[in-house]
Amino acid sequence: MSGLPDIRGVGRASARGRSNGVRAARAVLGLTQADLAAAAGVTRQTVVAVEAGDYAPSVYLALAISARLGRSVEELFGQQPEAAGAASAAAGGEQR
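**Quick look at the packing of helix α2 (residues 33–40) against helix α3 (residues 44–52)**
- Running from N to C, α2 and α3 cross one another at 105°; their axes reach a closest spacing of 8 Å. Accordingly, the angle class assigned to the pair α2 and α3 is roughly perpendicular. The residues of α3 that touch α2, namely those facing Q33, A34, L36 and A37, are R44, V47, V48 and E51.
- Residue composition of the contact of α2 with α3, by class: five nonpolar, one polar and two charged.

So this is what it looks like as structure tokens:
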């Protein structure tokens, strides 16, 4: 092991296995997927994929979604504390 971070898959448009708060934030506001898609300038299918964690939005799309939902990008897409600890443990890191 070289001590360098594993960057395989970085830059891909897949977010498989990552959860986010888009669906919950949208539901709180009573918006449909079509409403959010129109506000963000994308198709409803893109919103479906983002909510399902099958698609990692670009920075610009994440900003548009967060602006419409009135939340920060970190609130919607940031790594959850318990997931961060599990990822660190799986990578051999220490939990404090």
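**As for the pattern of salt bridges**
- Taken as a whole, this structure holds two salt bridges when the rule is applied.
- Where E51 meets R26, a salt bridge forms, and the shortest distance between an N and an O atom there is 2.5 Å. Placement of E51 in helix α3 and of R26 in helix α1 (residues 22–29) is noted, with a sequence separation of 25 residues between them. Grouping residues by exposure puts E51 and R26 together as buried.
- Each of R23, R26 and E51 takes part in a single network of salt bridges with overlapping partners.

**Some words on the packing of α2 against helix α4 (residues 59–69)**
- Packing of α2 against α4 brings their axes to within 9 Å, and their N-to-C directions diverge by 120°. For the element pair α2 / α4, the angle class is oblique. In the crossing of α2 with α4, the sense of the turn from one axis to the other is right-handed. Taken together, the residues of α4 that come into contact with α2 (itself represented by L36, A39 and A40) are L61, A64, I65, R68 and L69.

Calculation notes
For every chain, the first residue of its written sequence is number 1, and the numbers climb from 1 along that sequence. Only residues with pLDDT of at least 70 are given local features in this predicted model, and only at 80 or more are side-chain atom pairs given and counted; all residues enter the totals for whole chains, interfaces and linings. Side-chain figures throughout are based on the complete set of non-hydrogen atoms in the structure, without hydrogens or water. Axis definition: a line fitted to C-alpha atoms, limited for helices to the stretch in contact. Angles are taken between N-to-C directions and run from 0 to 180 degrees. Each helix is a run of H or I in the DSSP string that is no shorter than four residues. Each strand is a run of E no shorter than two, and both are numbered from the N terminus. Orientation categories follow fixed angle ranges, with anything under 35 degrees roughly parallel, anything over 145 roughly antiparallel, 65 to 115 roughly perpendicular, and all other angles oblique. In what follows, residue pairs with any heavy atoms lying within 4.5 Å of each other are defined as contacts. Any residue outside Ala, Val, Leu, Ile, Met, Phe, Trp, Tyr, Cys, Pro, Asp, Glu, Lys and Arg is labelled polar, Gly included; the first ten of those are nonpolar and the last four are charged. A side-chain nitrogen of Lys or Arg and a carboxyl oxygen of Asp or Glu constitute a salt bridge if their distance falls within 4 Å. The cut-offs for exposure are 20% and 50% of the maximum accessible area for each residue type, with area from a 1.4 Å probe on protein chains only; residues under the lower value are buried, those over the upper are exposed, and the others partly exposed. With the far helix as reference, a near helix turned anticlockwise by less than a right angle produces a left-handed crossing, and one turned clockwise produces a right-handed crossing.

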